[in-house]
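# Examining the three-dimensional arrangement
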Amino acid sequence: MKGVGEPTDFQAAAAATATAAAAATAGCAAAKAHGETPADVENCETDQDWNVGNCGFMDTDWQQKIRSNSAAEDITQFPLYAWVNVTKDFHNACSELVPGELAQDMLFGLFEAMSAIEIMDPKMDVGMGFDKYDLPPPSFEAAVTMGAIKLDDLTSAELIGIFDALFACVVSWLEGNSMDQVLFTCLYLHAPSKIKDKALRVFCTSVRNLIVIIKNIIVTAGVNEEEDFQLYGNSALLAAEKAQPSAITGLLKEVEDELVRKCKQLTAPEDLMAVVHRLRFMRHLYQAIYQVELLSVAESAEEGVNEIYKSLNVAAELLPLIRRTIDRGTQPVEGSDTPNPMGFSPRIHDRSQPPTFPRSIKIRERPASFQFLEEMVGRFKYACKVIRHRDYYSALNFFIEYSRKSGQCILSRSFLQNLFTTGIRLVHGKQSMKQFLKYSVQIFNSPPVLNPKHPVANDPKVQQHLDTFFRYCINMNTFTQFIRICGFNRARQRDKLARLIENFDTIQVDAARLDSLMNLMANERALEGNELHATALKHSTHFSTWVLYNCFRAMLIFLMSGFELELYAVHEFLYIYWYPYEFLVGFLVSALTRTENILLAQEEYAEHQSKIQVNGGGGGAGKNRKPAKPKKNKKQQRPYRQEIVYYHALLSLCGGMYKAMGALTKDGRIRLPTSKFDNEEIRYNRRFSPFVPLTSPPPVSYAEFKNIRDHMMRPSVEELYAFAAKHFDQARNVLESMQNPEQEMLDLLQIARTNFVVMNVLAQGHQKGLKRQPEFDFSRHSYFPIIKLK
Amino acid sequence: MTERIEAKISVEDEKASIDSESEIIESSKNDELMKEGTQSIPQIDYSDFREESQLLSVKGLIDRELSEPYSIYTYRYFIYTWPHLCFFARHGDKYVGVIVCKLEPHGGLKRGYIAMLAVDGAYRRLKIGTTLTEKAIDTMVLGEADEIVLETELTNRPALRLYDSLGFIREKRLKRYYLNGADALRLKLFLKEPIYEEEDVD
Ligand SMILES: CC(C)(COP(=O)(O)OP(=O)(O)OC[C@H]1O[C@@H](n2cnc3c(N)ncnc32)[C@H](O)[C@@H]1OP(=O)(O)O)[C@@H](O)C(=O)NCCC(=O)NCCS
């Protein structure tokens, strides 16, 4: 009876209700004394090292014995379980306590307290869902013996019902539910080899293999968090039959063919065809996912991904057919939590749950599940396009976009990560990341030192410096990390970005050093009379620009993600929009403009050089190339034009919001914190704290912000509203000037237009009497709200 | 991990009652209650935890107002370890509001934690929630708290507003935090300027 006898270091003590943890023995005895059900007493066995983990996860032989009724009698048998009656000791010990005093074990902390389940409490005790006439949930064997599940001669309707229910379970599993609570409620999955019906057997075997592959893909990608996906499930069940991943598609194809032959003999083959379609869909989905695993040993990334894409296409075509035939299958009984009348036993794993209250699981309905699968296949197809993005800049853009569109689905995110990393490896071979980054800088702003055709690239000293720098980039992991972060769920990205931004500082320093080394070498080469090399090395800002640009982007995404995650209170909008308006977006624009200028200068120089060469009687090849080149250059001169325009729009929108918030605040329409505990300076510092470690851009202190804000807020409320309106108008102009705008630009345009009108209304002094806080509606765009007056 | 299950407070009613941020700044008080009574705000008394019999009042109030179930051990864990951080609001003999907190070292800081806060449905919008929270924070400040943390459901507008006005910031979004699958927000009130950057040890 540890704990109870010596409550010295605890202030608290228990009333007569024995605490589960204080003394497991005592608890058991008490429970027994009160005649509680044997299953509640399971904890007893683990007396010596009691912990919550043990009590929930006991799914051993012993527990199974308890479950079958006959064994339950045995539990009270001495000496099998070595019961010692401590009731008297327990009551004696209790008599030393005053009411409310709590005997608490050292190890009994908040976690244990929160995990403790009050027996008979309907909210906590899963057992309360049973009534005493309920039979224990049948196991596979029991269900077979009872005749509750058929192993042979299933009708098409039955097959469709089971298949569709299993698809729903897969989807619910991918949404983060425990495998045990969804997939393994299907008894057929427990022992597919015992199923005689070939279609059902092969389908169930495929599901089991699919589970394993999906787990591998998610683990390899490593962008999962506990809230996304539960890696752990009943591995004993999964291990019971050997995985045979490479055989699955063959098996599926075989059954399909058999059934198709059968169909031909039927006058009404529709139902059976619906079965075939499901098997076929499974085959192609399986094939696509399985090939992601195989990609690492593929000959070329393109080929591998092409194969995947083909499978996905077929899968996508089958889904509408499947959705149209859902009602041909047996349907779940209304009001029941079983996804299909036959083959499922939802309660079977009630006792193998993690040691907290069981989450209530709602398995998705069939139409919604197929919709999920349809969207997922679409996301996979989209992910395949990543291999076209061979350089960092466009790959990062792709990832950012993908995350915005597909950020919720863990498998889609993992799918993309796997394709990308294997793709890079296949394209760049040895030291692939380093090669990839080198190539990326070359594509981004084409430093001559990275141009293999330029003689300066062969300068050993240059090579050495470059090598050091890129090795450092790899060691710091900053760039690769940025891409990986885009693979995490949206809520987690923010914290990770904060840490990433801090990491940028050291890389910035290193990039700046590399640039200045290049400039030093330019001087040396100039003195040596090597004009060509000197020019190539001169004025290098390539590397620092590249690093800064990426850092700014991380900063912007970090800051704006707070809107999407609803982390900012309305009264905080002002300083959040202020920073990108005043600084960040401007930095981005100037980094890109500078890059374009560098490219332009280089091209002009190259043109100039080749002219000299041609005039000097160069080879015929030069002549042939020459007319084509300027054309190409014209297009390349402004590769970042679209992005710059976008940032211009963003700048005006941020400016508009910043001034709108200033005006609304001055107008008394914003609810401000009133408490003595509030401290705006602390809040401001917290919000921008990830930027503080950076040398560039230098941190902006609260005092500076306050100065700027005070200055901004000096004009009259009406003027302020008018200023805000002007910014929104500018944003509108920029956005309207875009050719073939994407949906996002159209949404931003709508926001700019509406807010322009609203600001004008307020500027003209409407609604003066009624000082309500407007509504900020972010449904159009996650960065900018439509301001709505009520 | 432990933080994840701390205070899984979620709200059943109330949150649906306000659909937007749009509210008249000069808010209307709980008119009904004021009308039925003596035309004035009811006299509310505040006290901290004294004895076992109050535990059931706490439990009753919280069970009624919050959806997430708590075992009796959870209440005992908090209230008996930090009795001075549990405050009640009473209207006559009736317990109409309660706050339950703890204060512990956490990653080199002293962190206060608001585990539960609930005000009886008939006594809302009378600043009872605010007063209880302020009393708790005051006590934690005396206990040299560096920061105060809590979690609340993303859609719990009344609570978010209450904490906004006290100067809390919403630090983090916690996906699928509650048993019912809902997202939570982690809120923090910083009482001191950071001396050093704490590592994220949540
Ligand atoms: C959250 C809760 C404790 C607030 O208690 P309360 O005593 O009504 O709150 P207050 O009167 O102190 O309100 C303070 C501010 O919060 C905001 N607020 C509170 N309830 C609100 C509501 N229903 N609608 C809009 N704003 C509300 C207001 O801004 C209010 O200030 P104001 O009245 O001057 O406008 C109460 O609603 C409750 O018990 N809810 C259920 C449990 C819960 O959600 N607990 C919090 C989990 S951590």
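Residues numbered from 1 in each chain as written. Chains lettered and ligands numbered in written order. Predicted model: local features only at pLDDT ≥ 70, side-chain atom pairs only at ≥ 80, totals over all residues. Heavy atoms only, no water.

Our next topic: the overall build of chain A. Scanning chain A for helices and strands turns up 29 helices and two strands. The long-range fraction of contacts in chain A, counting pairs at least 24 apart against all pairs at least 6 apart in sequence, stands at 78%. By element, 53% of the accessible surface of chain A is carried by carbon and sulfur atoms, the whole surface being about 35600 Å². (Helix = DSSP H or I, 4+ residues; strand = E, 2+ residues; numbered from the N terminus. Contact = heavy atoms within 4.5 Å. Areas by Shrake-Rupley, 256 points an atom, 1.4 Å probe, with all protein chains shown as cover.)

In terms of regular secondary structure, chain B is built from six helices and seven strands. Its helices and strands in sequence order give chain B the pattern α-α-β-α-α-β-β-β-α-β-α-β-β, from N to C terminus. For chain B, the residues scored as buried account for 59% of the 202 residues in total. If you sum the accessible surface of chain B, you get close to 8300 Å²; carbon and sulfur atoms cover 51% of it. (Buried < 20%, exposed > 50% of the residue type's maximum accessible area, 1.4 Å probe, protein only.)

Residues and elements named next belong to chain A. Helix length check: helix H15 (residues 392–406) (15 residues) gives 20 Å between terminal C-alpha atoms against 21 Å at 1.5 Å per residue, within 8%. In terms of burial, H15 is a largely internal element, twelve of the 15 residues being buried. Those residues of H15 that sit buried are Tyr-392, Tyr-393, Ser-394, Ala-395, Leu-396, Phe-398, Phe-399, Ile-400, Glu-401, Tyr-402, Ser-403 and Ser-406. One side-chain oxygen of the residue at the start of H15 lies 3.3 Å from the amide nitrogen of Tyr-393, identifying that residue as Asp-391. (Expected span 1.5 Å × (residues − 1). Polar contact = N/O pair within 3.5 Å; in protein donor to acceptor, adjacent residues only side chain to side chain.)

Residue and element names in this part refer to chain B. The buried count for strand S5 (residues 147–153) comes to seven of seven residues, which makes it a mostly enclosed element. Note: strand S4 (residues 109–119) against S5, three bridges, orientation parallel. The partner of Tyr-113 across the bridge, within S5, is Val-149. Tracing the backbone out of S4, into helix H5 (residues 128–142) and back to the parallel element S5 gives a crossover that is right-handed. Pairing geometry for S5 and strand S7 (residues 184–190), over seven bridges, is antiparallel. Note that in S7 the partner of Leu-150 across the bridge is Leu-187. (Pairing = 2+ DSSP bridges. Right-handed = clockwise from strand over helix to strand, strands pointing away.)

In this section: the packing of helix H18 (residues 460–476) of chain A against helix H20 (residues 490–528) of chain A. When two helices pack together, their arrangement is captured by the angle between the axes and the distance separating the axes. Residues and elements named next belong to chain A. Interhelical geometry of H18 versus H20 gives an angle of 175 degrees and a closest axis separation of 10 Å. Here H18 is positioned roughly antiparallel relative to H20, judged by the angle of their axes. Contacts between H18 and H20 pair Lys-461, Val-462, His-465, Leu-466, Phe-469, Tyr-472, Cys-473 and Met-476 from the former with Asn-503, Thr-506, Ile-507, Asp-510, Ala-511, Leu-514, Leu-517, Met-518, Met-521, Glu-524 and Arg-525 from the latter. Among the residues making up the contact of H18 with H20, the classes are represented as twelve nonpolar, three polar and four charged. (Axes fitted to C-alpha atoms, helices over the stretch in contact; angles between N-to-C directions. Parallel < 35°, antiparallel > 145°, perpendicular 65-115°, else oblique. Nonpolar A, V, L, I, M, F, W, Y, C, P; charged D, E, K, R; others polar.)

Moving on to the packing of aromatic side chains. The way to describe two aromatic rings as a pair is by their centre distance and the angle between their planes. One pass over the structure, following the stated rule, counts 63 aromatic pairs over all chains. Consider the rings of Phe563(A) and Phe573(A), whose centres lie 5.3 Å apart with planes at 70 degrees: the pair is edge-to-face. On the criterion of sequence distance, the pair formed by Phe563(A) in helix H22 (residues 542–564) and Phe573(A) in helix H23 (residues 573–615) is long-range, its members being ten residues apart. Exposure class is identical for Phe563(A) and Phe573(A). Each is buried. In this arrangement the basic side chain of Arg379(A) is found over the ring face of Phe372(A), its NZ or CZ atom lying 5.5 Å from the centre. It is Lys102(B) that lies over the ring of Tyr113(B); its NZ or CZ is 5.9 Å from the centre. (Phe/Tyr/Trp six-rings, centres within 6.5 Å; stacked < 30°, edge-to-face > 60°. Lys NZ or Arg CZ within 6 Å of the ring centre and 35° of its normal.)

Attention now goes to the sheet that holds S4(B). Residues and elements named next belong to chain B. The strand order S1-S2-S3-S4-S5-S7-S6 describes an open sheet built from seven strands, whose pairing is mixed. Looking at strand neighbours, the two that pair on one side only are strand S1 (45–48) and strand S6 (169–174), the edges of this open sheet. Averaged over all adjacent pairs, the angle separating strand axes in this sheet is 25 degrees, with direction ignored.

This part covers the confidence of the model for chain B. Residue and element names in this part refer to chain B. Predicted confidence across chain B gives a mean pLDDT of 80, with 76% of residues reaching 70 or more. Contacts of residues 1–22 to residues separated by more than four positions or lying in other chains number 83 contacts, the stretch itself having pLDDT below 50. Across residues 196–202, confidence stays below pLDDT 50; counting only partners more than four residues off in sequence or on other chains, it has 18 contacts. Interface confidence in the predicted complex, given as ipTM, is 0.83; pTM for the same model is 0.84. (pLDDT = per-residue confidence, 0-100.)

Residues and elements named next belong to chain B. The buried count for S7 comes to seven of seven residues, which makes it a mostly enclosed element. Covered by surrounding structure in S7 are Ala-184, Arg-186, Lys-188 and Phe-190 together with Leu-185, Leu-187 and Leu-189, the residues of both alternating faces. Bridging between S6 and S7 involves five bridges; their strand directions are antiparallel. Bridge pairing links Arg-170 to Leu-187 in S7.

Within soluble globular proteins, side chains that are nonpolar tend to cluster in buried spots. Judged by nonpolar contacts, the single largest core of 217 residues is most densely connected at Tyr188(A) and Phe784(A). With 15 residues, H22(A) is the largest single contributor of residues to this core. In terms of nonpolar packing, the next biggest core, distinct from the first, is built from 65 residues, Leu567(A), Cys101(B), Ile148(B) and Leu166(B) among them. (Core = buried A, V, L, I, M, F, W, Y, C linked by side-chain atoms within 4.5 Å.)

Here we take up the side chain of Asp164(A). Residues and elements named next belong to chain A. Relative to the helices and strands, Asp-164 resides in helix H8 (residues 156–174). Using a relative accessible area of 0% as the deciding quantity, one classes Asp-164 as buried. Beyond its immediate stretch of four places on either side in the chain, Asp-164 contacts Arg-278, Ile-326, Arg-366 and Phe-370.

All right, on to the domain arrangement of chain A then. Each assigned domain of chain A is listed here: domain 1 (140–381), domain 2 (430–560) and domain 3 (640–788). Relative placement of domain 1 of chain A and domain 3 of chain A: their C-alpha centres are 49 Å apart. (Domains from an automatic or database assignment.)

All names here are of chain A. Tallying each qualifying case throughout the model produces zero disulfides over all chains. Looking at Cys-186, it has no disulfide partner, and the nearest cysteine sulfur is the one in Cys-204, 5.3 Å off. Looking at Cys-473, it has no disulfide partner, and the nearest cysteine sulfur is the one in Cys-551, 13 Å off. Judged by relative accessible area, Cys-473 falls into the buried class, the value being 1%. (Disulfide = S-S within 2.5 Å.)

A few words on the pattern of salt bridges. Residues and elements named next belong to chain A. Applying the stated criterion to the full structure yields 58 salt bridges over all chains. Put simply, Glu-401 and Arg-404 hold a salt bridge, and the shortest N to O gap is 3.2 Å. Of this pair, Glu-401 and Arg-404 both sit in helix H15, three residues apart, roughly one helical turn. One salt bridge in this structure joins Arg-669 and Asp-667, with 2.7 Å as the shortest N-O distance. (Salt bridge = Lys/Arg side-chain N within 4 Å of Asp/Glu carboxyl O.)

A separate point is the environment of Val449(A). Residue and element names in this part refer to chain A. One can find Val-449 in the loop between helix H17 (432–445) and H18. Of the residues examined, Val-449 reaches a relative accessible area of 5% and is grouped as buried. The spatial distance from the C-alpha of Val-449 to the C-alpha of Ala-536 is 7.1 Å, given a sequence separation of 87 residues. If sequence neighbours within four positions are ignored, Val-449 has contacts with Val-456, Ala-457, Val-462, Leu-466, Met-518, Leu-537 and Phe-543.

The next subject is unusual backbone geometry. With the exception of glycine, the majority of residues adopt a negative phi angle, and the majority of peptide bonds are in the trans configuration. All names here are of chain A. A cis geometry characterises the amide bond from Ser-696 onward to Pro-697, with omega recorded as -5 degrees. Looking at the element boundaries, Pro-697 is found in the loop between helix H26 (680–687) and helix H27 (702–712). A positive phi angle, close to 55 degrees, is found at Asp-153, a residue other than glycine. As for its placement among the helices and strands, Asp-153 is situated in the loop between helix H7 (140–146) and H8. Judged by relative accessible area, Asp-153 falls into the exposed class, the value being 62%. Phi at Ser-446 is positive, roughly 40 degrees, even though this residue is not glycine. Within the fold, Ser-446 resides in the loop between H17 and H18.

Moving on, we come to the environment of Leu373(A). Residues and elements named next belong to chain A. Structurally, Leu-373 is set in helix H14 (residues 366–384). Counting along the chain gives 178 residues from Leu-373 to Cys-551, while the straight-line C-alpha distance between them is 36 Å. Once residues within four sequence positions are removed from consideration, Leu-373 is found in contact with Phe-167, Val-171, Phe-281 and Leu-319.

Its location among the elements puts Gly60(B) in helix H3 (residues 53–65). Between the C-alpha atoms of Gly60(B) and Tyr95(B), which are 35 residues apart in sequence, the distance is 9.5 Å.

What follows covers the confidence of the model for chain A. Detailed reading of predicted coordinates is not advised where the pLDDT is low. Across chain A, the average pLDDT comes to 84, with 83% of residues at or above 70. Contacts for the low-pLDDT stretch residues 617–633 of chain A, under 50 throughout, to residues beyond four places or in other chains number five contacts.

The subject of this paragraph is the packing of H8(A) against helix H9 (residues 198–221) of chain A. Residues and elements named next belong to chain A. The N-to-C vectors of H8 and H9 enclose an angle of 5 degrees; their axes lie 11 Å apart at closest approach. Considering their axes alone, H8 and H9 lie roughly parallel with respect to each other. Within the contact between the two elements, H8 uses Leu-159, Ile-162, Phe-163, Leu-166, Phe-167, Val-170, Trp-173 and Leu-174 and H9 uses Ala-199, Leu-200, Phe-203, Cys-204, Val-207, Ile-211, Ile-214 and Lys-215. Its residues placed into classes, the contact of H8 with H9 shows 15 nonpolar, no polar and one charged.

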